[in-house]
Amino acid sequence: MRINRQKKVNKYLRFYINNFGFHKPYQVLIDGTFCFIALESKVNIHEQLPNYLGGDVKILTTPCAILETESLGPQVYGAMLILKQFPVHQCGHKDPVGASNCIRNMISRNNPNRYILATQDRDLQKIARRIPGTPLLYIHNRAPTLEQPSFKTSFIAQKKLRNSYCLSKSEKKTLKEYKTAVLGPEQPRRPRKKKKNGGPNPLSCKKKKKQATNQEISRKK
């Protein structure tokens, strides 16, 4: 892996670790579209994803994703075999739904299980970008690629950071009690005296002396 590419993925992972509580082993939620493109691009998911994400990766799928891939027929048979190699996370759907809807439910409510979503489904990618704290992984140029955090995710991270600098009501109360115990009760501030409006400056009221004209000067001479 190129050094710049490795730096980028490390930077994005640190962002999710610091702002959304991600930790190893990373949970990668994968669907049939990702397996299909991986097969076409000759990407070995078992080997390349852990290597790309720095090891300690748990790759998961759902029963709905497997059933959908099975229903698509022989053209995706290879992708189905790859998908079935991974552990299945029970999604809770008694009646199977489409993989996109299934995964959408899995990452809803701000991705509480901290999944990294691996999909080539464009519509599902758009949904994931609108859910804060959802890393998006796809195959680009025959290599796994972790996308830069979306605008919504970055906005929420900045909001959390700003809120962390603000004191809560209880913290403000505790700080006030501490200051009173150490410095004593706060003294009331004396009102500042207003300046009286004085009269006009007497110097400014003096009449200006007339400058002597050339004729007057010549007469005095």
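Reading guide: rules and limits
- Residues numbered from 1 in each chain as written.
- Predicted model: local features only at pLDDT ≥ 70, side-chain atom pairs only at ≥ 80, totals over all residues.
- Heavy atoms only, no water.
- Helix = DSSP H or I, 4+ residues; strand = E, 2+ residues; numbered from the N terminus.
- Buried < 20%, exposed > 50% of the residue type's maximum accessible area, 1.4 Å probe, protein only.
- Contact = heavy atoms within 4.5 Å.
- Areas by Shrake-Rupley, 256 points an atom, 1.4 Å probe, with all protein chains shown as cover.
- Axes fitted to C-alpha atoms, helices over the stretch in contact; angles between N-to-C directions.
- Parallel < 35°, antiparallel > 145°, perpendicular 65-115°, else oblique.
- Left-handed = near helix turned anticlockwise from the far one by under 90°.
- Nonpolar A, V, L, I, M, F, W, Y, C, P; charged D, E, K, R; others polar.

Enquirer: When you look at the overall build of the protein chain in this model, what are you seeing that I'm missing?
Expert: Counting its regular elements, the protein chain contains 11 helices and 5 strands. With 221 residues in all, the protein chain has 33% of them scored as buried. Residue pairs at least 24 apart in sequence account for 65% of intrachain contacts in the protein chain once pairs closer than 6 positions are excluded. Taken as a whole, the protein chain presents about 16,400 Å² of accessible surface, with 52% of it coming from carbon and sulfur.

Enquirer: It is not clear to me how the packing of helix α6 (residues 99-107) against helix α7 (residues 122-129) should be interpreted in this structure. Could you clarify?
Expert: When two helices pack together, their arrangement is given by the angle between the helix axes and the distance between those axes. Two elements in contact, α6 and α7, have axes separated by 10 Å at closest approach and are oriented at 15°. Relative to α7, the element α6 is oriented roughly parallel. As for the relative orientation of α6 and α7, their crossing is right-handed in sense. Across the interface between the two elements, Ser100, Ile103, Arg104 and Ile107 of α6 pack against Leu124, Ile127 and Ala128 of α7. Tallied by class, the residues present in the contact of α6 with α7 amount to 5 nonpolar, 1 polar and 1 charged.

Enquirer: What should I look at first to understand the environment of Val57 in this one?
Expert: Mapping Val57 onto the fold places it in strand β2 (residues 57-60). On the basis of relative accessible area, Val57 is assigned to the buried category, the value being 19%. Spatially, the C-alpha atom of Val57 lies 4.9 Å from that of Pro25, the residues being 32 residues apart in sequence. The contact partners of Val57, leaving out residues within four places of it in the chain, are Pro25, Tyr26, Val28, Leu49 and Pro50.

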